[in-house]
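# Commentary on secondary and tertiary structure
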Amino acid sequence: MMPGLIGVLAFAAPCVDGDLVTMRVVREAMGTEFEILLCGRDEQSLVNAANEALDEVQDLDQQMSLYNARSELSSINRRSAAERVAVEPKLFSLLELAGEITDASRGAFDITVAPLVKCWGFFRGQGRVPPADTIAAALQSVGMRHVELCRRDRTVHFRRADVRLDLGGVAKGYAVDRAVEVLRGLGITRALVHGGQSSIYALGAPPDQASWTVGIRHPLEASRRIAVVHLRDRALSTSGNYEKFFEADGKLYSHIIDPRTGYPATGMLSASALGPTAAETDALATAFFVMGQAKTRQYCAAHPHIQAVLVAEVESGESLRLVRIGEKLPSREFLKEESSRTERSQ
Ligand code: AMP
Ligand code: MG
């Protein structure tokens, strides 16, 4: 089978080896497509395992969607200013992880960004530039300091009435991890799981190879890759301004917002993070997109288990430049730059 390039992340062809087969199962969830590629001996048990993992993803979608008024997250948003709301244990751990990444990124990643996402028209909309005072008003309620997470009884409480959480920057990666957990539990040892082609986890490796080969999408052209990464028991996430944006007065506004200024982040075309879990890399890809090169370098120096690949904005006609950041990547995870492919397309 030759899956070829699929959007943000491209899979290399997995090997078919002796009596091992590779199956591919796709399902819509979280407003995108989740896909599982897995190798084993029996086709039917592989498909069953993938379906169980994808059922888990759909359950998580029900739990974390802001587009579903009955989701646990919507209920948390409605009630947490008035009372301490008990949170399902794994979701509580995710909120804690989000809080830790807010601290470590000095506020570049912040799930309380929801009121800003809404005021820039990215929630149920195409995007628009809001008046400055509307942005300033939304900014007042943004910040994890307004959120109290009590570990003892796993409750959440908002210190302001207008605080709202948005897990859009971390949910897909988290769902990928949970799907991988299901696969592991069912005895699967070789699989690739991705959510919306922006977060991927590589479980084990294809039959006769040391690692899975995954491509990072060229930020200006969906069908091209800018780099190839080899992953084994590791995750990769990419945030790009191509995902959701609008243009006004010749300027491009991306859906990733700097929670400290209230304005869409600028300067990056895409930011990728590599690390041990897809929840962490998803959140960090979003954070690195906001932080830019210098701050991402500082982050990776302090967190040696994380690496980054950044592509900064360039003037029209200039070549794109790939910036690789992090402790030396283990040899099985080396990055190959597809240098002939990094020219900016017109
Ligand atoms: P991603 O594609 O993972 O970078 O996530 C982007 C989504 O996360 C946006 O559509 C918003 O819902 C949300 N978001 C935007 N900016 C931030 C931010 N600075 N921190 C956390 N979440 C954000
Ligand atoms: Mg993200």
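Because the structure is predicted, anything quoted here is derived from the model rather than measured.

### Here's the deal with the site of ligand 1
The local shell around ligand 1 holds 15 residues, among which A108, D166, S239, I257 and T286 are the closest. For ligand 1, a nitrogen atom lies 3.0 Å from a polar atom in the backbone of D110. At 3.0 Å from an oxygen atom of ligand 1 is found a main-chain nitrogen or oxygen belonging to G169. Here ligand 1 loses 94% of its free accessible area of 500 Å² to cover by the protein chains. Looking at the shell around ligand 1 residue by residue, the class counts come to seven nonpolar, five polar and three charged.

### Some remarks on the packing of aromatic side chains
Considering all chains together, one arrives at six aromatic pairs under this definition. Measuring from ring centre to ring centre gives 4.7 Å for Y67 and F123, while their planes differ by 35°; the resulting arrangement is tilted. Taken as a pair, Y67 in the loop between helix 1 (43-64) and helix 2 (72-79) and F123 in the loop between helix 4 (114-119) and helix 5 (132-139) lie far apart in primary sequence, 56 residues in all. Plain terms: the ring middles of F122 and F246 are 5.7 Å apart, the flat faces sit at 45° to each other, and that makes the pair tilted. Of the two residues, F122 sits in the loop between helix 4 and helix 5 while F246 sits in strand 13 (residues 245-248), which places them 124 residues apart along the sequence. On the accessibility criterion, F122 (3% relative accessible area) is buried. On the basis of relative accessibility, which here comes to 8%, the residue F246 falls in the buried class.

### Some thoughts on the pattern of salt bridges
For side chains of opposite charge, pairing can occur when their charged atoms come near one another. Per the counting criterion, the structure on display carries 13 salt bridges. Residue E148 is joined to R84 by a salt bridge in which the shortest nitrogen-to-oxygen separation is 2.9 Å. Of this pair, E148 sits in strand 6 (residues 147-150) while R84 sits in the loop between helix 2 and strand 5 (85-86), and the two are 64 residues apart along the sequence. By relative accessible area, E148 is classed as partly exposed at 23%. Put simply, D258 and R260 hold a salt bridge, and the shortest N to O gap is 2.9 Å. We classify D258 as buried; its relative accessible area is 12%. Salt bridges sharing common partners tie together R84, E148 and R159.

### Points about the sheet that holds strand 6
Strands sit in the order 5-7-6 across an open sheet of three strands; the sheet is antiparallel. The outermost strands of the open sheet, each flanked by one partner alone, are strand 5 and strand 6.

### Quick word on helix 2
Within the sequence span of helix 2, burial applies to L73, S74, S75, I76 and N77. Residues of helix 2 that are buried sit in contact with helix 1, strand 5, helix 3 (89-104) and strand 7 (155-158).

What counts, and where the lines are drawn
- Residues numbered from 1 in each chain as written.
- Chains lettered and ligands numbered in written order.
- Predicted model: local features only at pLDDT ≥ 70, side-chain atom pairs only at ≥ 80, totals over all residues.
- Heavy atoms only, no water.
- Near = heavy atom within 4 Å.
- Polar contact = N/O pair within 3.5 Å; in protein donor to acceptor, adjacent residues only side chain to side chain.
- Areas by Shrake-Rupley, 256 points an atom, 1.4 Å probe, with all protein chains shown as cover.
- Nonpolar A, V, L, I, M, F, W, Y, C, P; charged D, E, K, R; others polar.
- Phe/Tyr/Trp six-rings, centres within 6.5 Å; stacked < 30°, edge-to-face > 60°.
- Helix = DSSP H or I, 4+ residues; strand = E, 2+ residues; numbered from the N terminus.
- Buried < 20%, exposed > 50% of the residue type's maximum accessible area, 1.4 Å probe, protein only.
- Salt bridge = Lys/Arg side-chain N within 4 Å of Asp/Glu carboxyl O.
- Pairing = 2+ DSSP bridges.
- Contact = heavy atoms within 4.5 Å.

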